Amino acid sequence: MGNVLTIVVQRLLLGLLTLLVVSIVIFLAVNALPGDFAEAILGQGATPDAIATIRRDLGLDQPLVVRYFSWLSGILRGDLGISFAQLNFRTNLGGAGDVGVIDQIAPRLSNTLFLALVTAMIAVPIAVALGVLAALFRNSVFDRVANITTLSSISSPEFFMAYVLILFLAVLNPILPSLSNIYDGMPFAERIEKSLLPALTLTLVVTAHMMRMTRAAIINLLASPYIEMARLKGMSPMRVIVKHALPNALAPIINVIALNLAYLITGVVVVEVVFVYPGIGQLFVDSVKIRDIPVVQACCLIFAAAYILLNLTADILSILSNPRLRHPK
Amino acid sequence: MSTLLKIRDIRLEGRSDEKWNPIINGVDLTLQKGEVLGLIGESGAGKSTLGLAAMGFTRDGVRISSGSVEFDGIDLVNASAAVKRSLLGKRIAYVAQSAAASFNPAHRIIEQHFEGPTQHGVMSKAESIADGVELYEKLRLPNPEEIGFRYPHQVSGGQLQRAMTAMAMACRPDLIIFDEPTTALDVTTQIEVLASIREIVEEYDTAAIYITHDLAVVAQMADQIKVLLKGDEVETADTRTMLSAPTQDYTKSLWAVRSFERPTKPAVIGGAVPVVSVRNVDAAYGTVPVLHDVSFDIHEGRTVAVVGESGSGKSTTARCITGLLPPKAGEIAFDGNVLPADYRKRNKDQLRQAQMIYQMADTALNPRMSIGNIIARPVQFYSGLTGKDLRARVDKLLDQIELEPSQYFNRLPSELSGGQKQRIGIARALAAEPKFIICDEVTSALDQLVAEGILRLLAKLQDELKLSYMFITHDLATVRAIADEVVVMKDGRVVEQGEKKAMFTPPHHAYTDLLLSSVPEMDPDWLTNLLQERGVDNIGDAAVGKM
Amino acid sequence: MITILWIVGVLLAILALAFGFRWAGQMATSNAPGFRDMPLSVAFGYVFGVVLLIWAVRFYFQPLMNEQGVPVASVIFFRWAIQGLIIAMIAAFAFKQFGKFVGTEWSKKLFRSMPLTAAFGILVIIIYAIFAIFAGAIAPYGQAEILGAANVLPGGDVATGGNPDYPLGTDNIGRDILSRLIYGAQNTVGIAFITTLLAFVIGVTLGFLAATLGGWLDQLLSRGVDVLMAIPSLIFALLLMTIASVWAPRIGIPLTYFMVVIIAVIDSTRVYRLARAVALNIVVMDYIEAAKLRGEGLAYLVFREILPNATAPLLAEFGLRFCFVFLTIAALSFLGVGIQPPLSDWGTMVKDLAPFINFAQFAPLAAVTPLLAAGAIALLTVAVNFVVDWMLHKSSGLKE
């Protein structure tokens, strides 16, 4: 086990390092702006006084390295800064609207996670089951139809899927609501109902990917000599699958699932906008439109962190499920 | 004796390019209880497909188009899947070529061993484990009590192959199909596996079909030999008759290959400057040392064979000579002048003088370049010839390797056979007009007849052009055929070197002896005699030593 | 809850039917191997397929109007979809037949072995290319031209609020939707194509260099790419677009140019990975070693030895990358930060026309316009993917 532990710790450290470097990239990208935030916030016509105040408030008069570390230590303390919208409000009106970016993001993040969870609960079992079926009955009519359908669904933009679903499930047959106006303290059943359409859209996109990858992984596996050996030992098809294929299929399937959940991150942005779902994706896009850089920066970091984390999980789980690594020589 | 397996006029087809192509065209096969049949043929002869069909099994994309397979009175072609399952593993077992790939990496060896007996209801789990340990002992696996509780990747290749034989034996089947079980092993390991397979098959009076491309191996194992060529049966006879008096031309030519031996050249006159001189070379990949103090000379017009098992450092020595891997210590001299260690620091002429021919002709030729361009490039690069002169030179080179220029000039490598590709590799090396050529296992990927043609061509070219060869090989028959001098390597060291005649006559260094004596010979009694000579325990010890 | 029970019930019924079907088959064929060894799951599949087919046929032939004379939109849409599918199949088949008999020996052979999906893909790509290149000549109006009437409904029937001059109607500020769709081919496809090309030039050059030279250059580039790839591409693109939107007005370069460069750079990381991996596989080949030992220079190695052997996987990757870039640009435009007006583009059109979907009940045609733009995007990516799928299948088959 010592061997595996070392590898896992190595991967974890590597993931952490990647995250750190990513934070530097994001920070530098934002700070490469001409002029600085102050002008961006207040616009061209701002008085020098106001600009100076904001610069001092934001610490923009400090050198770049100092600013990076104070930003980083802020993140570690859970302080993601203050959004421009809030700052503007405060400087211009002198109000005490001291709502940090973190307070804006937190509830939306939990909404998004809820959506991702619902999607995963629907998509993962369907995709894995269909993928395994397509692999078992490869080159059959079912496999061919599945191939064309999934290929088409991967190729379609998320918003196309979303509108087709809206057309059929909300407009023509009003089964589900097309707007996902979720609020705090909403009853669970209603919350599910309102999130179902965006979740289905994401499911369609993710399932196609996941199913194709599962199929490829299983076909690859079924071609192994040890599967042929099991069949030549007279084992029943069921036993070949359960006893011989499955333990080895775990690693690739886990990998496929984690990779596709990571893929969800991108899909979530568009889908949340279509359904006006109050998640982090929508906040991100809104902030991009009004150039609220602290929010954009924070969202970007969260998305990247989630993405790295999922890839890392995939990596570690597949290490753990590899018998060669679990039982070293 | 009663008939166990009866195959009549079987035809097998494989699917490729959207249509069914024949693999086996009507072969008959009869096997009595307890008899061992050797199935030999070159690659593509359909041996494995036929072997699997004998189990009523076809791989995906293969089908039995007609004919019958009858095992102990049961029609396997038309049997239901359930009937076949009840026979497979229990009464008919299979031993695959690569044990490492055919054991499930997720389960312990013994778990896979008792799966057959318990699922077929032959034995209980405890009985089967005890029986497994006994089989391991009989097959002289080290630590028989414990070895089954390891995972496949924790056990060496030769041992796994024996564990797989034990697994095939688990239900005491009536018939075992051995599909090239020793092809992937080194000669010294091969002998241990051969001996244990033969012993256990004899002990339990199991019938077997032994598939291989190696005549000498099949001579040791089989009572009866069947020769296949491109899906057709050439001839069948009992082993001794087949070896002493083959009737068909094809079989005769197969037998003749082993007798090719070029005349030995006189020994080198003392004081002559060698073409290539390897002097006290140490080399390492990163920090892992691979070569230790390797020295030998290659003289003009002579062939030095470098022999050893995989991992002995043969190819690394070649990489040091070509400058791909600069040695840690020592030097390479060419015509008495020390060459720069790194090939990038050598000048064009130094690069031109030493050429290389590779093992896999497939990866040695750019698949997107025509034959003409492949050969023309070095000519143009080194001599600057263009236009008609260039074409004339390329034509001459194609003539030299016995390929018709007008026919081959515009072809792509993929349109050529393995032997033809290897000839193009030779022509490319000749195009540089070198003094010295490294031949890295040039015949080991080829069928025996084709390989012989290549060896004869190389010998002819050497005589015409006064070439010096460094011939890397693990096959002693090749050494016997072509070498003037032999260098034996083991674990990165030169164990012994000298004139070929001296090397093939005792006394030897202990390792050379083991290596030489392990090469199977065509004599059907060879293995028996050898085992007696070595003493059976010796083999067991060798196996433990390999741990 | 009732729905779930219904579904379970239907599935059970199909299972029973499947069991009966297999049994009947066994009886009728006196236990031929085909029926004897048929797993229940396969029988289930057959019966399920048949049930689905029967339902589809029944639904297709339902009346288009209900008793009150109101059109039933779902039937209309279903018929359109089926008709579209059939037309697509016929077109693909005709195109394949055409290709079999016209052209060079090589192209004829290619068409003979081509699956219908790939033929369909090629046909669609050709049509798109024609529209993209000749958009100005084909489109009836200019892409930014504001015409007399706004919000004209599609269909060209005056009785239902249409206008024969604008067969697909006009948008909320009076631009002809058909013209904008056609110009969209030029803008969206053209920009995506240029972006992909740029990504390839960057990615392939660096990837090949890293693979052939190795050492610190390879390490530096590969680690850099690792970091860039740790940020999801759409998110990274949005971040950089935000920054670019602050820059762009100051230096007076249109935002669209920034977008091309940003997406090209982000995507070149993926191209780099593939190009490097492909080149690494080629670099270890003996013929490369032979060329190196001959003393050949870097240029010869890359252009004569590596590139010709990398074209097949790179071409397939170009198709996939193009789809990806195309979808990213469409998504950015849909989110309002991609291709900027007055250029017409499909992503923006979907966003602008989306509210029409809600009229599907009363005016099925109106609801189609946003889907037309989105469908135009989907159709092209599907087509490219079909072709790439076939290419990959073909090249993997050749290896065997």
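Placed above this text is the structure.
A brief structural summary. (Residues numbered from 1 in each chain as written. Chains lettered and ligands numbered in written order. Predicted model: local features only at pLDDT ≥ 70, side-chain atom pairs only at ≥ 80, totals over all residues. Heavy atoms only, no water.)

1. Structural notes on the sheet that holds strand 7 (residues 175-179) of chain B
All names here are of chain B. Stated formally: Think of it this way: DSSP has to see at least two bridges between two strands before they count as a pair. Only DSSP runs of H or I reaching four residues or more are called helices, and only runs of E reaching two or more are called strands; each is numbered from the N terminus. In this description, a line fitted to the C-alpha atoms serves as the axis of each element, helices being fitted only across the stretch in contact, and the angle between N-to-C directions of two axes falls anywhere from 0 to 180 degrees.
As summarised here, the arrangement of the six strands in space is 6-7-8-3-9-10, forming an open sheet in which the pairing is mixed. Looking at strand neighbours, the two that pair on one side only are strand 6 (92-95) and strand 10 (232-238), the edges of this open sheet. Along the sheet, successive strands turn relative to each other by an average axial angle of 15 degrees, direction set aside. Pairing of strand 9 (residues 224-229) with strand 10 involves six bridges; the strand directions are antiparallel. From the neighbouring strand, I225 faces strand 10, where its bridge partner is A237.

2. Focus on the environment of B:S65
Residues and elements named next belong to chain B. Rule in force here: By definition in these notes, contact holds between two residues if any of their heavy atoms fall within 4.5 Å.
With respect to the helices and strands, S65 occurs in strand 4 (residues 62-71). Sequence-wise, S65 and R11 are 54 residues apart; in three dimensions their C-alpha atoms are separated by 5.6 Å. Dropping the residues within four chain positions of it, S65 is found in contact with R11, L12 and E13.

3. As for the interface of chain C and chain A
Heads up, the condition is: Using a 1.4 Å probe, buried area is obtained as the accessible area two parts lose upon being combined, added over both of them. We define a salt bridge as a side-chain nitrogen of Lys or Arg found within 4 Å of a carboxyl oxygen belonging to Asp or Glu.
Residue-level contacts link 49 residues of chain C with 48 residues of chain A. Roughly 4,300 Å² is buried in total at the junction of chain C and chain A, and carbon and sulfur atoms are behind 81% of that figure. Three residues, C:I235, C:R250 and C:L335, lead the burial of chain C against chain A; their summed loss comes to 13% of the area buried on that side. Across the contact surface, chain C and chain A share one salt bridge. The partner of A:R212 in a salt bridge is C:D389, with the nearest N and O atoms 3.4 Å apart.

4. Digging into the packing of aromatic side chains
The description of an aromatic ring pair uses the distance of the two centres, along with the angle that the planes make with each other. Residue and element names in this part refer to chain A. In plain terms, the rule: The criterion for an aromatic pair is that two Phe, Tyr or Trp rings (for Trp, the six-membered ring) have centres within 6.5 Å, with stacked assigned to planes under 30 degrees apart, edge-to-face to planes over 60 apart and tilted to the rest. Burial here depends on accessible area, computed with a 1.4 Å probe over protein chains only, as a share of the maximum for the residue type. Under 20% is buried, over 50% is exposed, and the range in between is partly exposed.
Evaluation of the coordinates by the stated rule reveals 25 aromatic pairs over all chains. Aromatic pair F114 and F188: ring centres 6.1 Å apart, planes at 80 degrees, arrangement edge-to-face. Within this pair, whereas F114 is found in helix 6 (residues 101-136), its partner F188 is found in helix 9 (residues 188-222), the two being separated by 74 residues in sequence. Given a relative accessible area of 14%, F114 falls into the buried group. Owing to a relative accessible area of 57%, F188 belongs among the exposed residues under this scheme.

5. With respect to the pairing of strand 13 (residues 303-307) of chain B
All names here are of chain B. Taken across its five residues, strand 13 has five buried, putting it largely inside the fold. Residues of strand 13 alternate between two faces, with T303, A305 and V307 on one and V304 and V306 on the opposite face, all of them buried. One ladder, built from five bridges, connects strand 13 with strand 18 (residues 468-473); its direction is parallel. Paired with V306 across the bridge in strand 18 is I472. Sheet topology places strand 13 next to strand 19 (residues 485-490); four bridges connect them, and they run parallel. Among the inter-strand pairings, A305 is bridged to a residue of strand 19, identified as V486.

6. A few points about empty space enclosed by the protein
The following threshold applies: The pocket and cavity definitions rest on a 1 Å grid over protein atoms only: a 1.4 Å probe that fits but cannot leave marks a cavity, an open set with protein on both sides within 12 Å along at least five of seven lines marks a pocket, and residues lining either have an atom within 4 Å of a point. Grid points are joined across faces, edges and corners, and a volume is the space filled by probe spheres set on the points. Put simply, Ala, Val, Leu, Ile, Met, Phe, Trp, Tyr, Cys and Pro go in the nonpolar bin, Asp, Glu, Lys and Arg in the charged bin, and everything else, Gly too, in the polar bin.
With the rule as written, the count across this model stands at six cavities of 30 Å³ or more. Considered as a void within the structure, the largest cavity measures approximately 170 Å³ in volume. Here the residues of the lining of the largest cavity sort into eight nonpolar, four polar and three charged. Considering only enclosed or pocket space, the second largest cavity measures out at about 80 Å³ in volume.

7. Concerning the interface of chain A and chain B
To be explicit about the condition: Polar contact criterion, stated in full: a pair of N or O atoms within 3.5 Å, where within protein one must be able to donate a hydrogen and the other to accept it, and residues adjacent in sequence count only if both atoms are side-chain atoms.
With 22 residues of chain A at the interface, the matching set in chain B holds 27 residues. Buried area between chain A and chain B, both sides added, is near 2,400 Å², and the carbon and sulfur share of it is 57%. By the criterion of area lost to chain B, the three top residues of chain A are A:M229, A:L232 and A:K233, representing 27% of everything that side buries. Remark: the boundary between chain A and chain B carries three salt bridges. Summed over the shared surface of chain A and chain B, the result is eleven residue pairs in polar contact (both at pLDDT 80 or more). Listed by contribution, the elements that provide at least two residues to the side of chain A that touches chain B are helix 10 (225-232), helix 11 (237-275) and helix 14 (323-326) of chain A.

8. Notes on the nonpolar core
Put simply, the rule reads: What we call a nonpolar core is a set of buried Ala, Val, Leu, Ile, Met, Phe, Trp, Tyr and Cys residues that are connected through their side-chain atoms within 4.5 Å. For each domain, the first and last residues come from an automatic or database assignment.
In this structure, A:F159, A:Y163 and C:W346 are the most contacted members of the largest nonpolar core, which totals 147 residues. Here this core gathers at least three residues from each of two domains, domain 1 (26-101) and domain 2 (103-289) of chain A. Those residues in contact with C:W346, other than ones at most four positions away along the chain, are C:Y128, C:R180, C:L181, C:G184, C:A185, C:T188, C:V189, C:F326, C:A373, C:A376 and C:I377. Of all hydrophobic cores here, the second largest spans 89 residues; its members include B:F71, B:I109, B:L139 and B:L175.

9. Some remarks on the sheet that holds strand 1 (residues 3-16) of chain B
All names here are of chain B. Taken in spatial order, the four strands line up as 2-1-4-5 in an open sheet, and their pairing is antiparallel. The open sheet terminates on both sides in strands that have one partner only, identified here as strand 2 (19-32) and strand 5 (74-75). One ladder, built from eleven bridges, connects strand 1 with strand 2; its direction is antiparallel. Opposite L12, over in strand 2, you have I24 as the bridge partner.

10. Digging into the pattern of salt bridges
Where charged atoms from two side chains of opposite charge come close, those side chains can pair. Enumeration according to the criterion identifies 42 salt bridges over all chains in this entry. Taking the shortest distance from any N to any O, the salt bridge between B:E331 and B:R279 comes out at 3.1 Å. Residue B:E331 is located in strand 14 (residues 329-334), and its partner B:R279 is located in strand 11 (residues 276-285); the two are separated by 52 residues in the primary sequence. Taking the shortest distance from any N to any O, the salt bridge between B:E485 and B:R302 comes out at 2.9 Å. On the criterion of sequence distance, the pair formed by B:E485 in strand 19 and B:R302 in the loop between strand 12 (288-298) and strand 13 is long-range, its members being 183 residues apart. By relative accessible area, which is 14% here, B:E485 ends up buried. Taking the relative accessible area as the measure of exposure, B:R302 reaches 5% and is therefore buried. Several salt bridges share partner residues, and in doing so they unite A:K233, A:R239 and B:E115 into one network.

By themselves these figures say nothing about function.
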